[in-house]
Amino acid sequence: MDIEKVNSMDFGEFVDVFGNVIERCPLIAAAVWSKRPFSGLGDLEKHFFAFIDGLPLSGQEGVLRCHPELAGRQLPWGWLTAESQREQSAAGLQNLGAAERLRFTELTAQYRTRFGFPFVLAVRLSDPAAAPRELARRLRCPPAQELRTALGEVKKICHLRLADLLGEQP
Ligand code: 2AL
């Protein structure tokens, strides 16, 4: 799909196509539609990112809370969005050994308790061995810093999903 096609979309089509580039946040796509025309992928994603950056803290935490937990076990496919399902499956977290999986699940629970939102990582840019290490490292970060890191991961996921939709190299 090229950018002319994107610019020609009516509101409903745009939200249908881009409604999940930020996980479970079609409202953001609904707002971004007003910013067209877009000159390309970079311009389009800039508006998604600006919307997130402009949210109050409660809204930014809300965006993070819309993400499913990363699963180090057999995934409950039913409640994952198609994009999330593909990404988590490709990440191979379910291939972790039993002890690593248990540790990963424990750490994700600790992370949610500490920060109040789920651990978010752009898993397509990571590998199964790196994800638990990254989780353990980020668990020790100060909350304000971790919020910025987590939103950065949301933006990476958004970039990859937009690149897929536009048929571009990420
Ligand atoms: C996800 C997801 O659904 N896709 C991805 O790359 N990361 N979720 C998460 N909690 O990090």
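So, a few notes on the structure that sits alongside this text. (Residues numbered from 1 in each chain as written. Predicted model: local features only at pLDDT ≥ 70, side-chain atom pairs only at ≥ 80, totals over all residues. Heavy atoms only, no water.)

### Section: the site of the ligand
What counts here: A molecule or strand has a residue near it when one of that residue's heavy atoms lies within 4 Å. We call two N or O atoms a polar contact when they sit within 3.5 Å, provided that within protein one can donate a hydrogen and the other can accept it, with sequence-adjacent residues counted only if both atoms are side-chain atoms. Each accessible area is a Shrake-Rupley result for a 1.4 Å probe, and residues are judged covered by the shown protein chains and nothing else. What counts as a helix is a DSSP run of H or I of at least four residues, what counts as a strand is a run of E of at least two, and both are numbered from the N terminus. Residues are sorted three ways: Asp, Glu, Lys and Arg are charged, Ala, Val, Leu, Ile, Met, Phe, Trp, Tyr, Cys and Pro are nonpolar, and all the rest, Gly among them, are polar.
Neighbouring residues of the ligand: Pro68, Leu70, Ser84, Glu87, Gln88, Phe119, Val120, Leu121, Ala122, Val123 and Ile157. Ser84 is positioned such that a nitrogen or oxygen atom in its side chain is 2.5 Å from an oxygen atom of the ligand. Alone, the ligand offers 290 Å² of accessible surface; in the complex the protein occludes 99% of this. For the shell around the ligand, the element with the highest residue contribution is helix H6 (residues 82-91), accounting for 3 residues. The class makeup of the residues in the shell around the ligand is 8 nonpolar, 2 polar and 1 charged.

### Re the pattern of salt bridges
Keep this limit in mind: Definition used for salt bridges: Asp or Glu carboxyl oxygen within 4 Å of a side-chain nitrogen of Lys or Arg. Accessible area is worked out with a 1.4 Å probe on protein chains only. A residue is then buried under 20% of its type maximum, exposed over 50%, and partly exposed in between.
On inspection of all chains with the given rule, the structure shows 12 salt bridges. The salt bridge involving Arg103 is made with Glu106; its shortest N-O contact spans 4.0 Å. Placement of the pair is Arg103 and Glu106 together in helix H7 (residues 98-115), with a separation of 3 residues, close to one helical turn. The exposure class assigned to Arg103 is partly exposed, which follows from its relative accessible area of 43%. Here Lys156 ties to Glu153 by a salt bridge, and the two come within 2.8 Å at their closest N and O atoms. One end of the pair, Lys156, and the other, Glu153, are both in helix H9 (residues 143-166), 3 residues apart, so they sit about a helical turn from each other. By relative accessible area, Lys156 is classed as partly exposed at 37%. On the accessibility criterion, Glu153 (7% relative accessible area) is buried. Each of the salt bridges in this network shares a partner with another, and the network as a whole consists of Glu23, Glu87 and Arg161.

### Here we look at the packing of helix H5 (residues 57-65) against H9
For the record, the criterion: Fitting a line to C-alpha atoms yields each axis, with helices limited to the stretch in contact; the angle taken between N-to-C directions then spans 0 to 180 degrees. Note that the term roughly parallel is reserved for angles under 35 degrees, roughly antiparallel for angles over 145, roughly perpendicular for angles of 65 to 115, and oblique for everything else. The handedness criterion is simple: a crossing whose near helix is rotated anticlockwise from the far helix by less than a right angle is left-handed, and one whose near helix is rotated clockwise is right-handed. Residue contacts are defined here by distance: any two heavy atoms, one from each residue, within 4.5 Å place the two residues in contact.
One can describe the packing of H5 onto H9 by two numbers: an axis separation of 10 Å at closest approach and a directional angle of 55°. Between H5 and H9, the angle is such that the two are oblique. The two elements H5 and H9 cross, and the hand of that crossing is left-handed. Packed against H5, whose contacting residues are Leu57, Gln60, Glu61, Val63 and Leu64, the element H9 presents Leu147, Ala150, Leu151 and Val154 at the interface. In terms of residue class, the contact of H5 with H9 is built from 7 nonpolar, 1 polar and 1 charged.

### A closer look at the nonpolar core
Under the convention used in this document: Take the buried residues of types Ala, Val, Leu, Ile, Met, Phe, Trp, Tyr and Cys, join any two whose side-chain atoms come within 4.5 Å, and each joined set is a nonpolar core.
Counting 46 residues, the largest nonpolar core has Phe14, Phe18, Ile22, Leu44 and Phe48 as its most contacted members. Listed by contribution, the elements that provide at least two residues to this core are helix H1 (3-8), helix H2 (11-18), helix H3 (26-32), helix H4 (41-54), H5, H7, helix H8 (130-139) and H9. Considering every element that reaches this core, the biggest residue donor is H9, with 9 residues. Excluding residues that lie within four positions of it along the chain, Phe14 makes contacts with Val6, Met9, Gly19, Ala29, Val32, Trp33, Phe38 and Leu44.

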